[in-house]
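Fold and geometry: a report
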Amino acid sequence: MAAPTGPLTLPTVVEELLSEMAAAVRDGAPIPDEHLLSLKFVFGSSAVQALDLVDRQSVTLISSPSGRRVYQVLGSSGRTYTCLASCHYCSCPAFAFSVLRKGDSLVCKHLLAVYLSQVMRTCQQLSVSDKQLTDILSAEKTQEA
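As the structure is a prediction and not an experimental result, all values here were calculated from the model.

Structural notes on the sheet that holds strand β5 (residues 124-127)
Strand order in the open sheet made by the five strands is β4-β3-β2-β1-β5, with mixed pairing throughout. Pairing within the sheet leaves two strands with one partner each, and these edge strands are β4 (89-90) and β5. Contacting β1 (59-63), β2 (69-74), β3 (80-84) and β4, helix α5 (residues 109-120) crosses the sheet at an angle of about 65° to β3.

Pasting the structure below:
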């Protein structure tokens, strides 16, 4: 079986749900309860945990002058995880086990918190130099080893 050649995307139903949530936020309205219930239905307990991370403003978008962007999420354990929203990746053990290895989850709570913070416009912003971003990513790799 050939590997997919297109960009990695979330299932259409999730993309539509996030889009509808973003539209509500743009209009200045609270996110409708039915969207929150749908989120819980699709993502299970990870949805509540991700919303908690968003409420605690645990998501930071780090960008550099070259246009590179990564997200860091301060997890409930106090550890910081790096997320790459463009390719649906998180450095946490739950992502490696539940998403990649077992395939029983679409995303981990950290990555879902990134998507929700984008939708809710609550993401912290940090601009760094290209070297600083490289150092941040290198430090993450060292922690994993």
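Overview of a nonpolar patch on the surface
Together, F41, V42 and L106 make up an exposed nonpolar region whose accessible area comes to about 310 Å². Looking at the secondary structure, you find F41 in helix α2 (residues 33-43).

Observations regarding the pattern of salt bridges
Applying the stated rule across the entire model yields four salt bridges. Between R56 and D52 there is a salt bridge; the shortest N-O distance is 3.1 Å. The class for D52 is partly exposed, based on a relative accessible area of 36%. Taking the shortest distance from any N to any O, the salt bridge between K131 and D135 comes out at 3.1 Å. Of this pair, K131 and D135 both sit in helix α6 (residues 130-144), separated by four residues, roughly a single helical turn.

What to know about α2
For α2, every residue scored as buried is listed here: H35, L39 and F43. Seen along its axis, α2 keeps its buried residues to an arc of 50°; they face one direction. In this structure, α2 carries D33, E34, L37 and F41 as exposed residues pointing more than 90 degrees from its buried face. Taken from the residues just after α2, G44 is the one with a positive phi, measuring 65°.

Rules used throughout
- Per chain, residues are indexed from 1 in the order of the written sequence.
- In keeping with the model being predicted, local features are shown solely for residues with a pLDDT of at least 70 and side-chain atom pairs are shown and tallied solely at 80 or more, while totals for entire chains, interfaces and linings include all residues.
- To obtain the side-chain values, all non-hydrogen atoms of the structure were used and water was disregarded.
- Paired strands are those between which DSSP finds at least two bridges.
- In DSSP terms, a helix is any run of H or I states spanning at least four residues, a strand is any run of E spanning at least two, and both are numbered starting from the N terminus.
- Contacts are residue-level and defined by heavy atoms, with any inter-residue pair within 4.5 Å sufficient.
- Axes, fitted as lines to C-alpha atoms, cover a helix only where it is in contact. Angles between the N-to-C directions of the axes lie from 0 to 180 degrees.
- Every patch collects residues that have over 30% relative accessible area and no salt bridge, joining them within 9 Å if they carry like charges and within 5 Å if they are nonpolar side chains (Val, Leu, Ile, Met, Phe, Trp, Tyr).
- For the area figures, the Shrake-Rupley method with a 1.4 Å probe applies, and any residue is considered shielded solely by the protein chains shown.
- Throughout this description, the term salt bridge denotes a Lys or Arg side-chain nitrogen within 4 Å of a carboxyl oxygen of Asp or Glu.
- Here the term buried applies to any residue with accessible area under 20% of the maximum for its type, exposed to any over 50%, and partly exposed to those in between, with areas from a 1.4 Å probe on protein chains only.
- Directions pointing from the helix axis toward each C-beta atom define the arc.

Geometry only, nothing functional implied.
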